[in-house]
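# Structural description and commentary
What follows is the residue order along each chain.
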Amino acid sequence: MTLLIGSIQLGLLYAIMALGIYITFRILNVPDLTVDGSFSLGMACAAVITVAGYPFLALLVAMIAGALAGFSTGLLQTKLSIHPILSGILVMTGLYTVNLGIMGGRANLSVVGSETLFMKAESIIVSQNGLGRTFLALLACIVIIGILSIVFKTRFGLTIRATGDNEEMVRSSSINANTSKCVGLAMGNACVALSGALICQYQMFSDVGSGSGMVVIGLASVIIGETLFGRRSVTFGLISSAVGSIIYRIIIAFALKIDLFPSYALKLVSAVIVAVALSVPSIKASIEQSKKRREATNRLS
């Protein structure tokens, strides 16, 4: 039971990161590798400000820092015409030094002894099963999903969605697609940094290498959600990504519990899950084509 509750808590916190990846990967249709750097950026900002005694302000600063990182990637893509993948790599690489600088040149920073939002939640909701932590993680996830759902139904939100669907059409309609792309990347990385900040306060430490492989983990959550629930509206996509994150964490936790694979193989397993899930549509299409060819051959014969 403790393992299940812990997996749900982590799944809800990482779900906010999955929401950010859903924005860039599905809505904007942009492969954004800034995520690995912006996740660590959120952790670094949260650790420093939480140690200073401002746990709630730490989340806001982390979101702003993540938005600036995503906006920087967007500027490299739109203003300097650098390839999206290379833009993300450049910003991610630069953020490694930035994160070290934020933490005073240290590779990790402990938050032990400082008050966090999870401590406040546990003091309000006293429970042996960590109900306060679960409630806070669930509340944060629901609030972010609600805000994003409202934003993407506004006129500007529809512009961002249209930019991801057909950028040329948007440009021909005298709409600034560059602004939409930059804002969309900023929104996505703000969610990723917020997730990193919450994880920092949850685990009570920040590490400069914590963001490594976050893109794969986030994609695994998005793909699992879409595989189980399908691709429908944006709101449904956000919810399915969050559910996919929880399911992913539960699967990983129980697989490690029964020693299905060693702990150091976690990222390899995540990569395999993403690769398999992404290949499912093409496999289905090839099977359908082969069936049609067989039917056509049988008719001719």
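Per an unreviewed UniProt entry, the protein chain goes by ABC transport system permease protein and derives from Clostridium aceticum. Per UniProt, the protein chain has the following entry under Subcellular location (unreviewed entry): "Cell membrane".

A word on unusual backbone geometry. Look at Ser81: it is not a glycine, yet its phi comes out positive at around 55°. The topology assignment puts Ser81 in the loop between α3 (55-78) and α4 (84-102).

Interfaces are often sized by the amount of accessible area the parts lose when they come together. According to the domain assignment, the protein chain consists of domain 1 (1-258) and domain 2 (266-300). Put simply, the middle of domain 1 and the middle of domain 2, counted by C-alpha atoms, are 31 Å apart. If you look at the interface, domain 1 gives twelve residues, while domain 2 gives nine residues. Across the domain 1-domain 2 interface, the total number found is zero salt bridges. At the junction of domain 1 with domain 2, the criterion picks out zero residue pairs in polar contact (both at pLDDT 80 or more). Of the residues assigned to the side of domain 1 that touches domain 2, the class counts are nine nonpolar, three polar and no charged.

Here we come to the packing of helix α1 (residues 2-27) against helix α11 (residues 234-257). Relative placement of two packed helices is described by the angle separating their axes and the distance separating the axes. Close contact between α1 and α11 brings their axes to 7 Å; oriented N to C, the two are set at 135°. Comparing the axis directions of α1 and α11 gives the class oblique. Handedness of the α1/α11 crossing: right-handed. Class assignment of the residues belonging to the contact of α1 with α11 gives a composition of 18 nonpolar, five polar and two charged.

Another aspect to go through is the confidence of the model for the protein chain. Where the model shows low pLDDT, its predicted coordinates should not be examined in detail. Per-residue pLDDT for the protein chain averages 88, and the proportion of residues at 70 or more is 98%. Summarising per-element confidence for the protein chain, the mean pLDDT is lowest in helix α12 (residues 266-300) (79) and highest in α3 (95).

Attention now moves to the pattern of salt bridges. This model, assessed by the stated rule, comprises four salt bridges. Across the pair Glu226 and Arg26 runs a salt bridge whose closest N-O atoms are separated by 2.7 Å. With Glu226 in helix α10 (residues 214-229) and Arg26 in helix α1, this residue pair connects regions lying 200 residues apart in the sequence. On the basis of relative accessible area, Glu226 is assigned to the buried category, the value being 11%. Overlapping salt bridges bring together Glu167, Arg171 and Lys181 as one network.

What counts and how
- Residues numbered from 1 in each chain as written.
- Predicted model: local features only at pLDDT ≥ 70, side-chain atom pairs only at ≥ 80, totals over all residues.
- Heavy atoms only, no water.
- UniProt positions renumbered as here; feature names shortened; annotations may be inferred.
- Helix = DSSP H or I, 4+ residues; strand = E, 2+ residues; numbered from the N terminus.
- Domains from an automatic or database assignment.
- Contact = heavy atoms within 4.5 Å.
- Salt bridge = Lys/Arg side-chain N within 4 Å of Asp/Glu carboxyl O.
- Polar contact = N/O pair within 3.5 Å; in protein donor to acceptor, adjacent residues only side chain to side chain.
- Nonpolar A, V, L, I, M, F, W, Y, C, P; charged D, E, K, R; others polar.
- Axes fitted to C-alpha atoms, helices over the stretch in contact; angles between N-to-C directions.
- Parallel < 35°, antiparallel > 145°, perpendicular 65-115°, else oblique.
- Left-handed = near helix turned anticlockwise from the far one by under 90°.
- pLDDT = per-residue confidence, 0-100.
- Buried < 20%, exposed > 50% of the residue type's maximum accessible area, 1.4 Å probe, protein only.

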